[in-house]
Amino acid sequence: MNAKSPNILPARPQIRQLDEVAINRIAAGEVVERPASAVKELVENALDACARRIAVTYADGGKTLVRVTDDGCGMTADDLPLALARHATSKIDGTDLLNIRSFGFRGEALPSLGAVGRLRITSRAKGFEAAEIAVAGGRLEPVRPAALTAGTVVELRDLFHATPARLKFLRSDRAEAQAIRDVVERLAMAEPYVSFTLTDASGGESRTILRADAEQGELFDALGQRLRGLLGAGFADNALPIDAEREGFRLRGFAALPTYSRGAAVEQFLFVNGRPVRDKLLIGALRAAYMDVLSRDRHPAAVLNMTCDPERVDVNVHPAKAEVRFREPGVVRGLIVSALRHALAGAGHRASSTVAGLTLGALRTEETRPRVYQMERPTQAVLRMAHAAQAPLAPELAEASARYEPAVRDPVEEAAEYRPLGAARAQVHENYIIAQTATGIVIVDQHAAHERLVYERLKRQREEQGVAAQALLIPEIVDLSEGDARLLLDHAEALGALGLTVEPFGGGAVAVRETPALLGEVNAATLLRDILDELRDLGASQTLQSRIDSVLSRMACHGSVRSGRRMRADEMNALLREMETTALSGQCNHGRPTYVELKLSDIERLFGRT
């Protein structure tokens, strides 16, 4: 403690007013972290200018060149110097900072970019002549006439040339280029009716990296086509449309089936009033919605946009506007969780189509050359040999018979082939059911499928009868801070519905009088602190619910049909029929598929018949 404090100076420090260049460079440190940040600010400006076509060009990962061209409303020669002044903007008038309907509103992006790079803006408004202005390292040049048909071109060269130390913290050109693509893709998802083009001009050669033409039609059709182009057919074919509304909040977008999960949160795109955000509340709600159908190491894929009155959400809480704060976070979280769970339940037994693709890929053998199937015209001797080989083995049955007796089939079994999961035909290795459908076959993992069915049955019983609670002979007293105790007691009613009864015990202490009977012996203090961690972080807690569901899942595992058990045909068909009518039966409790469907055309392709 005797060491000299680094905050203690030998003389009293004086307060100084920083010059404009230093102020802009400080602002740039908050707004412009990397080239992708500059692209984000410039593209958002283009969208605010009502542009319908936006072209982004970069070189060397955006370190030497970033150019954004749009066909928006443009600016006049008188507007250009103001555009480069701090806190000068056309998007708000300053009287109401809560009613923000544009991407930008602070007026910091362009002066910040001009302070750390070489910036040139060329623009033309309708009815005016084109003009351009340049700024380098904070030094502004006079406005000059220019040649431009319409819209605006913003060109940023040598980013961070005025602050060379910042260049050391940038990543490789490839990593920075990928970050730029991610930014453009997110904004393209938010605006499906706008055309986007991304070009890499490194090395003097232009190469188109991304092209997304403006979509047509209704919102879901347009967004679906845009996502197909950006995320691929895999996501588009396995995504469920989401459209739900509650108390003035509306959630729209697409969420993928649980069996189309990812190993990381790379396909989670969340928007608030069209603004891309990475908000803990929204991410937590998305995770909670899939909690019952995904293991902890898998992540859902979704593109969701939450719209509401701008006054009910504060977008001015983060320097880069990447986070927001809702006035009613509980309503937002509840809407996301309920809407996604309802959509997943409505999907029934449906599983991801990519499962069949992976199965076919595993079945195909690697070939060094294309297969050629050629049938030569047979000779008469070959035909006679083939006829003899096709005759019955018993000589007395080799004579031709005019009698024809069709095989007798059960009408109920025959009709079952036209059900989604078909009719059971066999059981192999006492674990897999082979069913025939009208268009192919279905392979069912009997244990995983029955485990999900039993689990859903147990959950229905819990919802109808409630969670049984066991009273503690001696209430357990848990000491908390007064703030934590108040927060916990505010949710006492919701916790009581799950079998956990807590009461105030004076000061910051709470008394735990009942715990869920399903959990057996419980460490109440640890449980309460886990719940509090989630309440503080997300505003709601799924800890107790997840623990109860985990017990039900283990009960379902032990109470389901075991691997190695032989099943009769009627048992197998009964399992298939129950799967067709049970929500979420397409995946087990851990998100793995319970069945694989192979189309007849795919099977024929495996054998070279097509």
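Notes on the structure follow. (Residues numbered from 1 in each chain as written. Predicted model: local features only at pLDDT ≥ 70, side-chain atom pairs only at ≥ 80, totals over all residues. Heavy atoms only, no water.)

### Regarding the overall build of the chain
The criterion, for reference: Numbering of helices and strands runs from the N terminus; a helix is a DSSP stretch of H or I covering at least four residues, while a strand is a stretch of E covering at least two. Per-residue accessibility, obtained with a 1.4 Å probe over protein chains only, is compared with the maximum for each type, and a residue is labelled buried under 20%, exposed over 50%, and partly exposed between these values. To be clear on the numbers: accessible area is Shrake-Rupley with a 1.4 Å probe, and residue cover counts the displayed protein chains and nothing else.
Within the chain, the secondary structure is distributed over 20 helices and 23 strands. For the chain, with 610 residues in total, the buried portion stands at 45%. Approximately 33300 Å² of the chain is accessible, and the part contributed by carbon and sulfur atoms is 52%.

### Section: the sheet that holds strand β23 (residues 595–599)
Applicable threshold: Pairing between strands is defined by DSSP: at least two bridges between the two strands are required. Axis lines are fitted through C-alpha atoms, for helices just across the contact stretch, and the angle between N-to-C directions can take any value from 0 to 180 degrees. Note on definitions: a residue-residue contact is assigned when non-hydrogen atoms from the two residues lie within 4.5 Å.
Ordered by their spatial adjacency, four strands build an open sheet running β17-β18-β19-β23, and the pairing between neighbours is antiparallel. Edge positions in the sheet fall to β17 (423–428) and β23, since each has one partner strand and no second. Adjacent strand axes in the sheet meet at a mean angle of 20°, parallel and antiparallel pairs treated alike. In terms of strand pairing, β17 meets strand β18 (residues 432–436) through five bridges, oriented antiparallel. Of the residues in β18, the one forming a bridge with alanine 424 is alanine 435. Helix α14 (residues 446–465) rests against β17, β18 and β19 (440–445) of the sheet, and its axis sits at about 70° to β19. Contacting β17, β18, β19 and β23, helix α19 (residues 569–581) runs over the sheet at an angle of about 120° to β17.

### Comments concerning the pattern of salt bridges
Note the threshold: When a carboxyl oxygen of Asp or Glu is within 4 Å of a side-chain nitrogen of Lys or Arg, the pair counts as a salt bridge.
In total, this model carries 28 salt bridges according to the counting rule given. Between aspartate 213 and arginine 211 there is a salt bridge, and its shortest N-O distance comes to 3.3 Å. The exposure class of aspartate 213 is partly exposed, given its relative accessible area of 45%.

### Considering the side chain of threonine 515
Examined against the element boundaries, threonine 515 turns out to sit in strand β22 (residues 509–516). By relative accessible area, which is 3% here, threonine 515 ends up buried. Setting aside residues no more than four positions away along its own chain, threonine 515 makes contact with Ala468, Ala469, Gln470, Leu472, Gly499, Leu500, Gly520 and Val522.

### Things to note about the packing of helix α9 (residues 280–289) against helix α10 (residues 329–346)
Which entries qualify depends on this criterion: By definition, turning the near helix anticlockwise from the far helix through less than a right angle yields a left-handed crossing, and turning it clockwise yields a right-handed one. Gly counts as polar in this scheme, as do all residues outside two lists: the nonpolar Ala, Val, Leu, Ile, Met, Phe, Trp, Tyr, Cys and Pro, and the charged Asp, Glu, Lys and Arg.
The N-to-C vectors of α9 and α10 enclose an angle of 30°; their axes lie 9 Å apart at closest approach. Relative to α10, the crossing made by α9 is right-handed. Residues Leu281, Leu282, Gly284, Ala285, Leu286, Ala288 and Ala289 of α9 lie in contact with α10, whose contacting residues are Pro329, Val332, Arg333, Ile336, Val337, Leu340, Arg341 and Leu344. Taken together, the residues that form the contact of α9 with α10 break down as twelve nonpolar, one polar and two charged.

### Notes on the nonpolar core
Using the following cut-off: Definition of nonpolar core: a set of buried residues of the types Ala, Val, Leu, Ile, Met, Phe, Trp, Tyr and Cys, connected through side-chain atoms within 4.5 Å.
Formed by 60 residues in total, the largest nonpolar core has its most connected members in Val43, Ile54, Leu119, Ile121, Phe196 and Phe235. With nine residues, the top contributor of residues to this core is helix α6 (residues 173–190). When near neighbours in sequence (up to four residues on either side) are disregarded, valine 43 contacts Ile54, Val56, Val68, Leu187 and Phe196. Within the second largest apolar cluster, 39 residues are counted, among which are Leu294, Met306, Val324 and Ala347.

### So, unusual backbone geometry
Phi is positive for glutamate 247, close to 50°, though the residue is something other than glycine. Among the structural elements, glutamate 247 can be located in the loop between β10 (239–246) and β11 (249–256). Glutamate 247 gets classed as exposed once you look at its relative accessible area, which sits at 56%. Of note in this structure, leucine 584 is not a glycine but carries a positive phi near 65°. Within the element layout of this structure, leucine 584 appears in the loop between α19 and β23.

### Details of the state of the cysteines
Operational definition: In plain terms, two cysteine sulfur atoms within 2.5 Å form what is called a disulfide here.
Scanning the entire structure with this criterion turns up zero disulfides. Take cysteine 50: it sits in no disulfide, and the sulfur closest to it among the cysteines is that of cysteine 73, at 6.2 Å. Look at cysteine 50 and you get exposed, because its relative accessible area is 57%.

### Some points on the side chain of serine 195
Applicable threshold: For this analysis, a polar contact is any N or O atom pair within 3.5 Å, provided that within protein one partner can donate a hydrogen and the other can accept it, and provided that sequence-adjacent residues contribute only side-chain to side-chain pairs.
Checked against the element boundaries, serine 195 lands in strand β8 (residues 195–200). Separated by 2.9 Å, the side chain of serine 195 and the backbone nitrogen of alanine 214 make a polar contact. Sequence-distant contacts of serine 195, defined by excluding residues within four places in its chain, comprise Arg52, Arg53, Ile54, Ala212, Asp213 and Ala214.

### Comments concerning the environment of alanine 343
Along the chain, the position of alanine 343 falls in helix α10. Sequence separation between alanine 343 and phenylalanine 254 is 89 residues; the distance between their C-alpha atoms is 9.8 Å. Apart from the residues within four sequence positions on either side, alanine 343 is in contact with Leu240 and Ile242.

### Observations concerning the packing of helix α2 (residues 35–48) against helix α4 (residues 109–116)
As a reminder of what qualifies: An angle counts as roughly parallel when it lies under 35 degrees, as roughly antiparallel when it exceeds 145, as roughly perpendicular when it falls between 65 and 115, and as oblique in every other case.
Running from N to C, α2 and α4 cross one another at 140°; their axes reach a closest spacing of 10 Å. One finds that α2 runs oblique with respect to α4. Crossing angle aside, the handedness with which α2 passes α4 is left-handed. Residues Ala38, Glu41, Leu42 and Asn45 of α2 touch α4, and the partners they reach there are Ala109, Leu110 and Leu113. Grouping the constituent residues of the contact of α2 with α4 by class yields five nonpolar, one polar and one charged.

### Concerning the environment of glutamate 185
Within the secondary structure, glutamate 185 is located in helix α6. It is 9.9 Å that separates the C-alpha atoms of glutamate 185 and phenylalanine 269, two residues lying 84 residues apart in sequence. Here glutamate 185 is in contact with Leu210 and Leu230, once residues within four sequence places are set aside.

### Topic: the packing of aromatic side chains
Selection criterion: What counts as a ring pair is set by centres within 6.5 Å for rings of Phe, Tyr and Trp (its six-membered ring), and what kind of pair is set by the plane angle: stacked under 30 degrees, edge-to-face over 60, tilted for all other angles.
Evaluated as defined, the whole model comprises three aromatic pairs. Each ring, one from phenylalanine 220 and one from phenylalanine 254, has its centre 5.7 Å from the other, and the planes form 80°; the classification is edge-to-face. With phenylalanine 220 in helix α7 (residues 219–231) and phenylalanine 254 in strand β11, the pair connects residues that are 34 residues apart, well separated along the chain. The exposure class assigned to phenylalanine 254 is buried, which follows from its relative accessible area of 12%. Ring geometry for phenylalanine 249 and phenylalanine 326: centres 6.2 Å apart, planes at 70°, overall edge-to-face. Of this pair, phenylalanine 249 sits in strand β11 while phenylalanine 326 is found in strand β16 (residues 325–326), placing the two residues 77 residues apart along the sequence. For the residue pair phenylalanine 249 and phenylalanine 326, the accessibility class agrees, reading buried in each case.

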